[in-house]
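One letter stands for each residue in the lines below.
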Amino acid sequence: MERGGVVSGGFHQNYILYPSRAAAFTTRLHYPFSSIRNSPSSSLRIRHSPCSISSSFIIHEVSRNRCDAVSSNSYSTDVTEFAEIEIDWDKIDFGFKPTDYMYSMKCSRGGDFSNGQLQPFGNIEVNPSAAVLNYGQGLFEGLKAYRKQDGNILLFRPEENAIRMRNGADRMCMPSPTVQQFVEAVKTTVLANKRWIPPPGKGSLYIRPLLMGTGAVLGLAPAPEYTFLIFVSPVGNYFKEGVAPINLIVENEFHRATPGGTGGVKTIGNYAAVLKAQSIAKAKGYSDVLYLDCVHNRYLEEVSSCNIFIVKDNVISTPEIKGTILPGITRKSIIEVARSLGFKVEERNVTVDELVEADEVFCTGTAVVLSPVGSITYKSQRFSYGEDGFGTVSKQLYTSLTSLQMGLTEDNMNWTVQLS
């Protein structure tokens, strides 16, 4: 279910879109603000595609007295929850589900971001010569919002995502919102979509900030204009196994990153490059791929979209950050939680041979949180690490981290930001 606004006769008509078995259709919506369009003749297009619940939507008019584009500094957090969401929260997966609003902010090269706005969620028009389409000048982030038992909403370390985006923007020759702008934009977007946050313990609201070179450029050069955009989606577990152990295969042919490249920043091109190896692995029944370094083909780097840890004799080891591995925020948090619990944590070169003797292996990331690894296959040899569930160490770390994220224990780390 999603919502759009149509300008007609000087006033806004608003609709809720309900599932139906009628034919699919496309609605063209024209908005009276320029921040989402590249020319006076362009407009926002929202396309409604067939979904698993039904094949299309029927429009029902709803009376609402609120402008469709709202400045972030004037938006009221009292979002009207006028309809139930048709989602089975017990069966929610990790997949895209359109929500009510997204956030957009622009700036020119050499300028500063300002005048961010909420707008109804939908497709955006981009010039075919945009740098993000032609040269991959783009970054993204991922973080989550959780609903507490008392109804309040928690964000987990949003300033860390803001800092990482700024670091990545510097590498990709892009301007970036300030940390304060980033965090405030996240808060605004989450509160505008708060009815989509799953009940406590049923999932989370995944938040996807994007930074894109949307200005037109033909020769290889930084874009003349940039767009910062945030959209959200309610999600469940990332892997189909849920919190059950996943099965990985070590990749020998393909590599995720190279020294001196962009493996250490969250640029969009890093992720399309792993799809080939990941597709081959999944076709063979594996959950994902574990990559090795491209120089020696011997040292562990990371999984397609998460960091890797091994445990031996209660010592936790993870590959060190040296430019080819993404500095994961969940990775950083697990290291700090582990040390606070008295564990020894080593950030170092971890050889693939150490998988043979490891007591436990687990992955970390915003999407996966902490996922136990049940087995790893390397050169046709399969190494198992307790395929019935979490190991002793990983279970303790998972419980400690998720209790902080969901507000179940006191946040002595000062990592969470509460929204009412």
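Since we're looking at a predicted model, the values are computed, not measured. Each chain has its residues counted from 1, following the order in which its sequence is written. Totals for whole chains, interfaces and linings use every residue, but because this is a predicted model, local features are given only for residues with pLDDT of at least 70 and side-chain atom pairs only at 80 or more, for both listing and counting. Working from all heavy atoms in the structure, the side-chain values ignore hydrogens and water.

**Considering the overall build of the protein**
Think of it this way: any DSSP run of H or I at least four residues long counts as a helix, any run of E at least two long counts as a strand, and we number them from the N terminus. For the protein, the count of helices and strands is 7 helices and 23 strands. Each residue's exposure class comes from its accessible area (1.4 Å probe, protein chains only) as a fraction of the maximum for that residue type: buried when under 20%, exposed when over 50%, partly exposed otherwise. Split into buried and exposed, the 420 residues of the protein put 53% on the buried side. The contact criterion used is simple: two residues touch if any of their non-hydrogen atoms lie within 4.5 Å. Within the protein, residue pairs in contact and separated by at least 24 positions form 72% of the contacts whose partners lie at least 6 positions apart. Accessible surface area values rest on a Shrake-Rupley calculation with a 1.4 Å probe, where residue burial reflects the displayed protein chains alone. Accessible surface for the protein amounts to roughly 18500 Å². Of this, 49% is attributable to carbon and sulfur atoms.

**Observations regarding the layout of surface pockets**
When its volume is computed, the second largest pocket comes out at roughly 460 Å³. Along the walls of the second largest pocket sit 27 residues, with Phe140, Tyr238, Lys266, Tyr271 and Ser305 positioned nearest its centre. Tallying contributions element by element places helix α6 (residues 329-340) first for the lining of the second largest pocket, with 3 residues. In the scheme used here, Gly and all other residues not listed as nonpolar or charged are polar, with Ala, Val, Leu, Ile, Met, Phe, Trp, Tyr, Cys and Pro taken as nonpolar and Asp, Glu, Lys and Arg as charged. Within the lining of the second largest pocket, the residues separate by chemical class into 11 nonpolar, 10 polar and 6 charged. Cavity: a set of points on a 1 Å grid over the protein atoms alone where a 1.4 Å probe fits but cannot get out. Pocket: an open set with protein on both sides within 12 Å along at least five of seven lines, its lining residues, like those of a cavity, having an atom within 4 Å of a point. Grid points are joined across faces, edges and corners, and a volume is the space filled by probe spheres set on the points.

**Considering the packing of α6 against helix α7 (residues 392-405)**
Where helices are involved, their axes are fitted lines through C-alpha atoms of the stretch in contact, as for all axes, and angles between N-to-C directions lie from 0 to 180°. Contact geometry for α6 and α7: axes closest at 10 Å, N-to-C directions at 110°. Between α6 and α7, the angle is such that the two are roughly perpendicular. Viewed along their axes, α6 and α7 form a crossing whose handedness is right-handed. Residues Thr330, Ser333, Ile334, Val337 and Ala338 of α6 lie in contact with α7, whose contacting residues are Leu397, Ser400, Leu401 and Leu404. Grouping the amino acids of the contact of α6 with α7 by side-chain chemistry returns 6 nonpolar, 3 polar and no charged. An angle counts as roughly parallel when it lies under 35 degrees, as roughly antiparallel when it exceeds 145, as roughly perpendicular when it falls between 65 and 115, and as oblique in every other case. Handedness of each helix crossing follows the sense of rotation of the near helix against the far helix: counterclockwise by less than a right angle gives left-handed, clockwise gives right-handed.

**Brief notes about the pairing of strand β12 (residues 204-213)**
Counting buried residues along β12, 9 of its 10 residues qualify, which places the element largely inside the surrounding structure. Two strands make a pair as long as DSSP finds a minimum of two bridges between them. In this structure, strand β9 (residues 138-140) lies alongside β12, joined through 3 bridges in antiparallel fashion. Along β12, the bridge assignment pairs Gly138 with Met212. Taken together, the 3 bridges between strand β10 (residues 143-147) and β12 define a ladder with antiparallel strand orientation. If you follow Leu143 over to β12, its bridge partner there is Ile207. Pairing between β12 and strand β13 (residues 225-235): 10 bridges, direction antiparallel. Following the sheet pairing, Leu211 is matched in β13 by Phe228.

**Overview of the packing of aromatic side chains**
Two aromatic rings, taken as a pair, are described by how far apart their centres are and by the angle between their planes. Two aromatic rings, drawn from Phe, Tyr or Trp (for Trp, its six-membered ring), form a pair once their centres lie within 6.5 Å of each other, and the interplanar angle then sorts them: stacked below 30 degrees, edge-to-face above 60, tilted otherwise. Evaluated as defined, the whole model comprises 12 aromatic pairs. Look at Phe96 and Phe231: their rings are 6.1 Å apart centre to centre, the planes differ by 80°, and that puts the pair in the edge-to-face class. On the criterion of sequence distance, the pair formed by Phe96 in the loop between β6 (70-71) and β7 (101-108) and Phe231 in strand β13 is long-range, its members being 135 residues apart. Arranged with centres 6.4 Å apart and planes meeting at 70°, the rings of Phe113 and Phe228 form a pair that is edge-to-face.

**Focus on the pattern of salt bridges**
Definition used for salt bridges: Asp or Glu carboxyl oxygen within 4 Å of a side-chain nitrogen of Lys or Arg. Under the defined criterion, the tally for this structure stands at 16 salt bridges. With its nearest N and O atoms 2.5 Å apart, the salt bridge here joins Asp90 to Lys202. Residue Asp90 is located in the loop between β6 and β7, and its partner Lys202 is located in the loop between α3 (179-192) and β12; the two are separated by 112 residues in the primary sequence. Under the relative-accessibility criterion, Asp90 is labelled exposed at 60%. Residue Asp359 is joined to Lys312 by a salt bridge in which the shortest nitrogen-to-oxygen separation is 3.8 Å. Here the residue Asp359 occupies a position in the loop between β19 (344-348) and β20 (360-365), and Lys312 occupies one in strand β17 (residues 307-312), the gap between them amounting to 47 residues. Lys312 sits in the partly exposed class, given a relative accessible area of 34%. The structure contains a network of salt bridges with shared partners spanning Arg157, Glu160, Lys332 and Glu336.

**What about α6?**
Take the residue count of a helix, subtract one, and multiply by 1.5 Å to get its expected span. If you check α6, its first and last C-alpha atoms are 16 Å apart, about what 12 residues at 1.5 Å a residue would give, namely 16 Å. In the segment just after α6, Gly342 is the residue with positive phi, at about 95°.

**Side note on the nonpolar core**
Side chains of a nonpolar character, in soluble globular proteins, are inclined to be buried together. Nonpolar cores were defined as sets of buried Ala, Val, Leu, Ile, Met, Phe, Trp, Tyr and Cys residues, with membership established by side-chain atoms within 4.5 Å. One finds Phe182, Val186, Val190, Ile207, Leu211 and Phe228 to be the most contacted residues of the largest nonpolar core, which totals 37 residues. Residue assignment for this core shows that the elements contributing at least two residues are β7, β10, β11 (153-156), α2 (158-171), α3, β12 and β13. Among the elements that line this core, the one with the most residues is α3, at 7 residues. Not counting the four nearest positions on each side in its chain, Phe182 is found in contact with Glu141, Leu143, Pro158, Asn161, Ala162, Met165, Pro177, Pro209 and Phe228. One finds Leu248, Leu290, Leu292 and Ile308 within the second-largest nonpolar core, a separate group that totals 23 residues.

**Thoughts on unusual backbone geometry**
Positive phi is not limited to glycine here, since Asn297 has a value of about 55°. With respect to the secondary-structure elements, Asn297 resides in the loop between β15 (288-292) and β16 (300-303). The exposure class assigned to Asn297 is partly exposed, which follows from its relative accessible area of 28%. A positive phi angle is found at Asn414, which is not glycine, with a value near 60°.

**Quick notes on α7**
Between its terminal C-alpha atoms α7 stretches 20 Å, which fits the 20 Å expected from 14 residues at 1.5 Å a residue. Of the residues trailing α7, Gly407 is marked for its positive phi of about 75°.

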